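Residues per chain, in single letters:
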Amino acid sequence: MIDQHSDGSERYRIGDALAELRSLDEESAAVVCLDDAWARPGRQGAFGVEYETHDFETTAEIVDVAWDVLEVGGWLIADGDDWLAPRLETYIREEFGDVTDWYEGGGYRRRGGVTYVDGSGEPDTSTPGMYLSNGGYPVVFAHKGPTSRRTAASARQLARHPRRVEDGYPYDWGSVKPIEPYRNWIEGLTDVDELVVVPCAGTAPAAIAAEDLRRRWLAIDSEQAARDAYLQRREAYLEGGEQTTLLAATDGESNCSLSTGAGQNDSCPGSGDGSA
Ligand SMILES: C[S@@+](CC[C@H](N)C(=O)[O-])C[C@H]1O[C@@H](n2cnc3c(N)ncnc32)[C@H](O)[C@@H]1O
């Protein structure tokens, strides 16, 4: 089974993120990748997504528990948007510190993000909006205490919007994020066999990246349908039907093969076709 550990326990658990994170050993994970199901005030339940969304207090609670699961020196990589990211940064600074204050300490380190680009490399403006198009999302990086986990990988990544190449439909799930940015960050910040935990996983791009990089991983989502979408996405990635970053596509390269699967690049028919 692709989503079982060697001891038979599930690698993609269906359950509440808080409860499942609390059930894990403290200080066991090298990286936690969180794309929480938060919603800014007034938008709970009105996000155009099937799954449940919640308020910032719940997000903060998930961050607290994720922080417990991180080993000292481990990194939290948390997706946000214009509303969430500054609040998340403030919360992390207040609770866990700010590296600009205690440089070798821990806490909030950096704001990065993902910029979606179209087939010609221009910022993708396909997301409709009358107050400027967003074309991507911010990502908050923080580490627990001092860290020797360092990488020159860019905190700011370019990526194509993740859609299935053949039908343009993102796995029938909301807020689907690209795989490649997480692959670059996980590769830089962890070693083979270290644990990557992905609460609120959805189609679990970070878990797919972690598997590709031969890291151990655990994904958690409250919805069975999310796991189904993940399985569909993993298969697409394995078959090369998952779009890759523009840079990879321009180079004629992609990282669409999992280590358990087909060979690199030539098995990736979807890469570099310029479709959004
Ligand atoms: C923003 S989406 C993640 C999307 C993901 N980044 C992707 O690329 O597919 C948030 C996810 O959190 C899940 N979720 C909502 N409440 C949850 C909870 N209490 N515990 C675990 N997962 C939850 C939703 O089902 C949804 O899949």
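These figures come from a predicted structure and were not determined experimentally.

For the chain, the count of helices and strands is seven helices and eight strands. Counting all 276 residues of the chain, 44% fall into the buried class. Of the contacts made within the chain by residues no fewer than 6 positions apart, 65% connect residues no fewer than 24 positions apart.

The subject of this paragraph is the site of the ligand. Lining the immediate surroundings of the ligand are 19 residues, of which Ala37, Tyr51, Cys200, Gly202 and Thr203 lie closest. Among the residues making up the shell around the ligand, the classes are represented as nine nonpolar, four polar and six charged.

A separate point is helix 5 (residues 205–212). For an α-helix, the turn length of 3.6 residues means that residues three or four places apart are oriented alike. Within helix 5, eight of the eight residues are buried, which leaves the element mostly enclosed by the surrounding structure. By the burial criterion, the buried members of helix 5 are Pro205, Ala206, Ala207, Ile208, Ala209, Ala210, Glu211 and Asp212. Elements that come into contact with the buried residues of helix 5 comprise strand 2 (29–34), helix 4 (180–189), strand 7 (195–199), strand 8 (216–221) and helix 6 (224–239). Arg214 sits one or two positions beyond helix 5 and adopts a positive phi of about 60°.

Here is a general trend for soluble globular proteins: nonpolar side chains tend to be buried in one another's company. The biggest cluster of nonpolar side chains holds 66 residues, and the ones touching the most others in it are Val196 and Val198. Those residues in contact with Val196, other than ones at most four positions away along the chain, are Ala29, Ala30, Val31, Cys33, Ile186, Thr190, Ala206, Ala210, Arg215 and Trp217.

Another point: the packing of helix 2 (residues 56–69) against helix 3 (residues 84–96). As a packed pair, helix 2 and helix 3 sit with axes 11 Å apart at the nearest point and diverge in direction by 45°. Relative to helix 3, helix 2 is oriented oblique. In this structure, helix 2 crosses over helix 3, and the sense of that crossing is right-handed. Residues Phe56, Ala60, Val63 and Trp67 of helix 2 form the contact with helix 3, whose own contacting residues are Arg87, Tyr91, Ile92 and Phe96. When grouped by side-chain class, the residues that make up the contact of helix 2 with helix 3 number seven nonpolar, no polar and one charged.

Moving on: the pairing of strand 4 (residues 107–116). One ladder, built from eight bridges, connects strand 4 with strand 5 (residues 136–143); its direction is antiparallel. Looking at the pairing, Gly113 lines up with Pro138 of strand 5. Sheet analysis places strand 4 next to strand 6 (residues 156–159), joined by four bridges and oriented parallel. Directly across from Gly113, in strand 6, lies its bridge partner Arg156.

What follows concerns the environment of Gly105. With respect to the helices and strands, the residue Gly105 is situated in the loop between helix 3 and strand 4. Overall, Gly105 belongs to the partly exposed group, with 15 C-beta atoms counted inside 10 Å. Counting along the chain gives 32 residues from Gly105 to Gly73, while the straight-line C-alpha distance between them is 9.6 Å.

Turning to the sheet that holds strand 5, a few remarks are in order. Strand pairs in the sheet, formed through backbone hydrogen bonds, run parallel or antiparallel to each other. Pairing is mixed across the open sheet formed by eight strands, whose spatial order is 1-8-7-2-3-5-4-6. Edge strands, defined here as strands with exactly one partner in the open sheet, are strand 1 (12–14) and strand 6. This sheet shows a mean twist of 20° between the axes of neighbouring strands, independent of strand direction. Pairing between strand 2 and strand 3 (residues 70–79): five bridges, direction parallel.

This next bit is on the confidence of the model for the chain. Taken residue by residue, the chain gives an average pLDDT of 83. The fraction at 70 or more is 78%. Per-residue pLDDT stays below 50 along residues 246–276; that stretch engages in 64 contacts with residues further than four places along the chain or on separate chains.

Our next topic: the pairing of strand 2. Most of strand 2 sits out of view: six of its six residues are buried. Both strand 2 and strand 7 contribute to a ladder of two bridges, which runs parallel. Across the sheet, Val31 pairs through a bridge with Val196, a residue of strand 7.

Procedures and definitions
- Residues numbered from 1 in each chain as written.
- Predicted model: local features only at pLDDT ≥ 70, side-chain atom pairs only at ≥ 80, totals over all residues.
- Helix = DSSP H or I, 4+ residues; strand = E, 2+ residues; numbered from the N terminus.
- Buried ≥ 20, exposed ≤ 12 C-beta atoms within 10 Å, placed from the backbone.
- Contact = placed C-beta atoms within 7 Å.
- Near = placed C-beta within 6 Å.
- Nonpolar A, V, L, I, M, F, W, Y, C, P; charged D, E, K, R; others polar.
- Core = buried A, V, L, I, M, F, W, Y, C linked by C-beta atoms within 7 Å.
- Axes fitted to C-alpha atoms, helices over the stretch in contact; angles between N-to-C directions.
- Parallel < 35°, antiparallel > 145°, perpendicular 65-115°, else oblique.
- Left-handed = near helix turned anticlockwise from the far one by under 90°.
- Pairing = 2+ DSSP bridges.
- pLDDT = per-residue confidence, 0-100.

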